[in-house]
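# Chain and residue survey
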Amino acid sequence: MKSFGSKPWILPQPVLIIGTYDKDGKPNAMNAAWGGQWDMHEIMISLSSHQTTDNLAVNPEFTVTFGTAATLVASDYVGIVSGRNTADKMEKTGWTIEKAPNVNAPVFREFPMTLECRVKRKIDESETGYYLVAEIVNVLCDEKYLDKDGNPDVESMALITYDPVRHTYIRLGVTEGKAFSDGKQLK
């Protein structure tokens, strides 16, 4: 095996789009890869200093959605352009923006599923950022992405993952097995 030393290569990495409002109610979005499920009702995201962290300082509510093949270009754009110095950032995405029903944060209609979240705590907060732990208040899913049982159909969403080795996005989508079931073959 070839050794690479310590690298941020946990795979797959999500393409998380975080939606916030600033102090004047203007929507903003950023792309973050370093995050995931913290427990049954919480997520954690590693955030460096951004317009998003400025916004969370005045309004501790936000949304999280997941990048898709259809939203790839604009999802990448909100990761490379700062809301601090690009006034028309959100207009350039072309996203349809509406207020979330349960938190004071934007929902971007082009994405299949959105988590409505509320900050619970910030860990190791400094001028360069922090680890954000947030409560998942509600999950919204566009009805066209529901399966026959009325649950989110992840396979149909064409979600993308970030490849930190090659700095590319890879589309997910093929079911390969059944969790908490297939392993029973080895019992």
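Here is a short report on the structure shown in this document. (Residues numbered from 1 in each chain as written. Predicted model: local features only at pLDDT ≥ 70, side-chain atom pairs only at ≥ 80, totals over all residues. Heavy atoms only, no water.)

### Re the sheet that holds strand β1 (residues 13–14)
Strand order in the open sheet formed by three strands is β1-β11-β12, with antiparallel pairing between adjacent strands. Strand pairing shows two members of the sheet lacking a second neighbour, β1 and β12 (168–171), which therefore form its edges. The pairing of β1 with strand β11 (residues 160–163) spans two bridges and is antiparallel. Across the sheet, residue Gln 13 finds its bridge partner in β11, namely Tyr 162. (Pairing = 2+ DSSP bridges. Helix = DSSP H or I, 4+ residues; strand = E, 2+ residues; numbered from the N terminus.)

### Observations regarding the pattern of salt bridges
Working definition: two side chains of opposite charge can pair if their charged atoms are close together. One pass over the full model with this rule turns up eight salt bridges. One salt bridge in this structure joins Arg 109 and Glu 98, with 3.6 Å as the shortest N-O distance. Placement of Arg 109 in the loop between β8 (106–108) and β9 (113–126) and of Glu 98 in strand β7 (residues 97–99) is noted, with a sequence separation of eleven residues between them. The closest approach of N and O atoms between Glu 135 and Arg 118, which form a salt bridge, is 3.7 Å. You can see Glu 135 sitting in strand β10 (residues 129–141) and its partner Arg 118 sitting in strand β9, a full 17 residues away along the chain. Residue class for Glu 135 comes out partly exposed when judged on its relative accessible area of 31%. Each of Glu 61, Arg 118 and Glu 135 takes part in a single network of salt bridges with overlapping partners. (Salt bridge = Lys/Arg side-chain N within 4 Å of Asp/Glu carboxyl O. Buried < 20%, exposed > 50% of the residue type's maximum accessible area, 1.4 Å probe, protein only.)

### Structural notes on the side chain of Asn 31
Within the fold, Asn 31 resides in strand β3 (residues 27–32). Polar contacts involving the side chain of Asn 31 include one to the main-chain carbonyl oxygen of Ser 75, which spans 3.0 Å. Those residues in contact with Asn 31 that lie beyond four places of it in its chain are Val 15, Leu 16, Ile 17, Ser 75, Asp 76, Val 78, Gly 79 and Tyr 169. (Polar contact = N/O pair within 3.5 Å; in protein donor to acceptor, adjacent residues only side chain to side chain. Contact = heavy atoms within 4.5 Å.)

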